[in-house]
Amino acid sequence: MTPRLLSLAVAAPPLAIVVWLFFLPFLSSAHLSFIRDGEWSLRNYALVWRLYKLDVLYTLGVSLLSLVLVIGIAALVCGYLRLVGHRVVEFLFKVPLFVPFVVVGHGMRVLLAPRGTLNSALAQVGLIDLGDPPSIAFTWAGIVIALVWKNLALAVLLVLGAYRAVDEAYLEAARNLGASTFRQIKDVLLPMAAPSLVVASAFMFTSMLASFSIPLMIGGGEPPQMLMVDVYYRINYQDDLGTANALGMVSYLFAMGVAGYYLRTITVRPV
Amino acid sequence: MPRPHPGTLIRATLRMAAGVFVAFIIFAPLSSLVIWSFTRKWFWPHPFPQELGLFYWRKVLEGDLFRALQSGFFIAVIVTVLTLLLTIPLAYLLARYPVPFKAAILLVFLLPHAFPQLPVFVNATTLLYRAHLAASVSGVVLIHMVGALVYAVWTMTAVFRSIPASLEEAAWNLGASRVKAFFTVAMPLATPGLIASTLLVFLYSFDEFTGTLLVGSPFVLTLPVYMYRTSVGYELQVASIAALILMVPGLLLLVVLERYLKSEYLSMFGRI
Amino acid sequence: MDVRVEGLVKRYGRVVALDGITIGFPSGGMTAILGPSGCGKTTLLRALAGFNPVDGGRIVFGAEDVTGLPPQARGTAMVFQQYALWPHMSVFDNVAYGLRLRKVPAAEVRARVEEVLHLVEIGQIAGVMQRRPGELSGGQQQRVALARALVVEPRVLLMDEPLSNLDAKVRQRLRAEVRRLQKRVGITTIYVTHDQEEALAIADTVILMNAGRVVQAGSPQDIYFRPENAFAAEFLGVSNQLAGTAEAGSLSVGAQRLPYTGPVRGSATLLFKATDATVIPDDLTTESGQALLRGTLEERLFLGSGYRHYVRIEGESVMVDGTEPVEAGPVTVRVPVEKLKIYAMASPEPVTDPARSTRTL
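Model, not experiment: these values are computed from the prediction.

Thresholds applied
Residues numbered from 1 in each chain as written. Chains lettered and ligands numbered in written order. Predicted model: local features only at pLDDT ≥ 70, side-chain atom pairs only at ≥ 80, totals over all residues. Heavy atoms only, no water. Contact = heavy atoms within 4.5 Å. Buried area = accessible area lost by both parts, 1.4 Å probe. Helix = DSSP H or I, 4+ residues; strand = E, 2+ residues; numbered from the N terminus. Nonpolar A, V, L, I, M, F, W, Y, C, P; charged D, E, K, R; others polar. Buried < 20%, exposed > 50% of the residue type's maximum accessible area, 1.4 Å probe, protein only. Expected span 1.5 Å × (residues − 1). Arc of directions from axis to C-beta. Domains from an automatic or database assignment. Salt bridge = Lys/Arg side-chain N within 4 Å of Asp/Glu carboxyl O. Polar contact = N/O pair within 3.5 Å; in protein donor to acceptor, adjacent residues only side chain to side chain. Pairing = 2+ DSSP bridges. Axes fitted to C-alpha atoms, helices over the stretch in contact; angles between N-to-C directions.

Draft legend 1. Fine view of the interface of chain A and chain B. Contact with chain A, which involves 78 residues of that partner, is made by 82 residues of chain B. When chain A packs against chain B, close to 7,200 Å² is buried across both sides, 80% of that on carbon and sulfur atoms. Of all residues in chain A, the largest losses of buried area upon contact with chain B belong to Leu21(A), Phe22(A) and Phe98(A), amounting jointly to 11% of the total for that side. No other element matches the 20 residues that helix H1 (residues 3-32) of chain A contributes to the side of chain A that touches chain B. Taken together, the residues of the side of chain A that touches chain B break down into 55 nonpolar, 17 polar and six charged.

Set out below in structure tokens:
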């Protein structure tokens, strides 16, 4: 067997699995999104427009707000960790990396529900009235908090890595001219680490948009919902593959937009 | 003894406060799980559980939770072994040789990361159903392998790329065959990275939720799906115990391996 | 073992790395392949080892054509630039690797490893053998790499810039040791380097390469004192370059004229080493056997061993070294005629007497 054939033979089985269970289903969802009652039509998309346009906006809004919070907090926290250092905090921020999404969903549910542990604790100090407990879970705020909590770990890891790659000499030059910690972050670290921040943001935005288990567990029962929850309910409760796939296509389009933006940024970046 | 500068004292206090604050943020959802798992009775609106105990721990470890843990563990082991067998040779070839269509192959293993999984897996479930593999362990193993292969191909290719080619050339040069050089030089040097990658694959499969929920239902139950069911069914004690058990492998890894794992592997863990 | 390559061609896509090289490496000798980075010298070495298949030509060891053989079957041993010592094996296991592949009995492996480590003068052999390569200094790692290559008694020893990662002092010392060791074991050795001083010091024969071709081959003295073209002269020392025009009987540099009897006509390049010239306060007396060029001394640097003068001649700045300082102002630069090399400009081929060609070895 020639080396070329050998390497293709080695590549074939894993490729087959990914093509069979990712690329074919991907194409099939594109195909089925245009099929209604056994015929080609755009009615699935019409239905998405009629029923789910608010959900699409809601999904984008929740993802964008979570992303801004995650990146903003990470940019500042990492600046502190890079310039001053705090080993305990740095370790603590890694913990959520290893906590699965479903566990985050459940944990936040128990913590933030109207009768959750947070309200119990706040009532102890007299901050809230237990007769009419506020609910954070089952609202957009619950989803945002859970997404931020889970993704902050990854953001801190990536941004801190990028900050650490910035040569100490640039920071010393700024310090030498009298720059405060905040100014060093704003004027040196952030601009120099910007490409890595774009990469991290692009990746995290798609992952938030596509998040399923967290909104499934902590989102409200009423619309609007996150897109992935809509897809799941459409299949599970209405057995409506056409509309579910049309919703899926909408999510792919956003993902492709993000990927395109990401690719443009990394190719345009000066060498 | 010189008195510390007042600024130093303030700064030390602030640092401590920052640590405590972050610890609170991080542990708030996790500690709620711990409290609930030991709760026997907790009637609203009491601030604390009325009765604590191991009642639910004892109960669940004999029942469905244990079976879900068992089958989830079994599936994760199979997924890990199969993924290693398929990926190690491929990753080595991709790292070292001009494999035909290399860019296209790498792209195939990259794209699943860039798209939402759920709608794709919905259709994959249909395909598996047609192949009579839905609601079976084999079906769940296969759907897990899609994600597992994606992680493994990229991390393992990076591992082999990080080993200088000259180390193997030195062995060939002294008369070692390619196979011999692979096993005496490349493999021993790649082992730490391959272990990290293996743990990542295991953890991915053990924690996988979306694919298992779609493909495994109703017969194959793993811990994440079991936890989801109990949580939305308001069996909060049982769900909390399941959640705590689910966190064990990941937290063990974090504590044991945090020093040794390079950040690029760590960032992979964050995507589970 | 006599090594020859004939018409060797290697391409990387559209880049020609080896452009039909034909050259011999004398048996038992130390040959240095010298050239700037990207000239093809490492490609040639890796082709000899069998790591890169070639696109044309033959490689012959003794009477055997090895062109199609894999690296395992060539019987070469290579010392790599970054040493390529296996970090997961002890020094002993590194050196013993080749012997164990050849199924040498354990007792003999031990004896031969110790012997070769002794040969490369690693010092405290018993202590060093059980350590990992990463725990050794760069110089010691280099000795281990050499021992690993020598212990299998290769037909040809290949060395790829083996000293380039060491600091200057260690490099100087190891240079002498490598040469002494090579003379002792007598293995045909091919040594790639970009450092002309190292090539001249270490080798019996120097092959100068540029752009995938052999520019000149010969003894170190030949290469240094009798460069055959502008590239060779430029590469082998701190050289000054002036543009001129040659005709029968005279050579003009700007407004100045020098007597000239050589074969070059038309645009020409004049080259001389900073150490070969002297600078004297302006005087216009002619001297036989000396080329005199007038200029202005602009700058003088103290180098410790002497002074370097920067003189502007016809708009070009040249360097002249001397032991005595000369004051700034109008000066004359004096170059012995036989040290002043004149080449036709933009001609890759040297213009020399064919009888003096050193191309055949």
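Draft legend 2. Broad picture of unusual backbone geometry. At the junction of Ser217(B) and Pro218(B), the peptide bond is cis and its omega measures out at -5° in the coordinates. Here Pro218(B) is to be found in the loop between helix H10 (210-216) and helix H11 (223-232). Of note in the backbone geometry, Asp37(A) takes a positive phi value of approximately 50° without being a glycine. Mapped onto the elements, Asp37(A) comes out in the loop between strand S1 (35-36) and strand S2 (39-40). Owing to a relative accessible area of 61%, Asp37(A) belongs among the exposed residues under this scheme. With a phi close to 40°, Glu161(C) is a non-glycine residue in the positive phi region. Turning to its location among the elements, Glu161(C) is positioned in the loop between strand S7 (156-160) and helix H6 (168-185).

Draft legend 3. The arrangement of helix H3 (residues 106-119) of chain C in detail. Residues and elements named next belong to chain C. Under the 1.5 Å per step criterion, the end-to-end length of H3 is 20 Å for 14 residues, consistent within 8% with the ideal 20 Å. Burial in H3 covers these residues: Val109, Val113, Val116, Leu117 and Leu119. Within H3, the buried residues cover an arc of 150° as seen down the axis, which keeps them to one side. Projecting away from the buried face of H3 at angles above 90 degrees are the exposed residues Ala107, Glu115 and His118. Phi for glutamate 121, located one or two positions after H3, is positive at around 55°.

Draft legend 4. View of the domain arrangement of chain B. Residue and element names in this part refer to chain B. Domain boundaries assigned for chain B yield domain 1 (6-55) and domain 2 (57-269). Using only C-alpha atoms to locate each centre, domain 1 and domain 2 end up separated by 33 Å. The interface of domain 1 with domain 2 comprises ten residues on the first partner and ten residues on the second. Summed over both sides, the interface of domain 1 with domain 2 buries roughly 970 Å², with 69% coming from carbon and sulfur. The largest per-residue losses of area from domain 1 upon contact with domain 2 belong to Trp36, Ser37 and Phe55, which jointly make up 50% of the total buried on that side. For the pair domain 1 and domain 2, the number of links is zero salt bridges. Our enumeration of links across domain 1 and domain 2 arrives at zero residue pairs in polar contact (both at pLDDT 80 or more).

Draft legend 5. Structural context of the sheet that holds strand S16 (residues 290-302) of chain C. Residue and element names in this part refer to chain C. The five strands are arranged S15-S19-S16-S17-S18 in an open sheet whose pairing can be described as antiparallel. The open sheet has two free edges, formed respectively by strand S15 (278-281) and strand S18 (316-322), since each of these has just one partner strand. Strand after strand, the sheet turns through a mean of 45° between neighbouring axes, direction not considered. Note that S16 and strand S17 (residues 307-313) share six bridges and pair antiparallel. What sits directly across from leucine 301, in S17, is arginine 308.

Draft legend 6. Spotlight on the sheet that holds strand S4 (residues 56-61) of chain C. All names here are of chain C. Strand order in the open sheet made by the four strands is S2-S1-S4-S5, with antiparallel pairing throughout. What marks the edges here is a single partner per strand, and that holds for strand S2 (15-25) and strand S5 (64-65). Lying over the sheet, helix H1 (residues 41-49) contacts strand S1 (3-12), S2 and S4, oriented at roughly 115° with respect to S1.

Draft legend 7. Broad picture of the pattern of salt bridges. Residues and elements named next belong to chain C. Applying the stated rule across the entire model yields 33 salt bridges over all chains. Arginine 226 is paired through a salt bridge with aspartate 222; the nearest N and O atoms lie 2.8 Å apart. By relative accessible area, which is 33% here, arginine 226 ends up partly exposed. A single salt-bridge network, built from bridges that share partners, covers Arg4, Glu6, Arg58 and Asp65.

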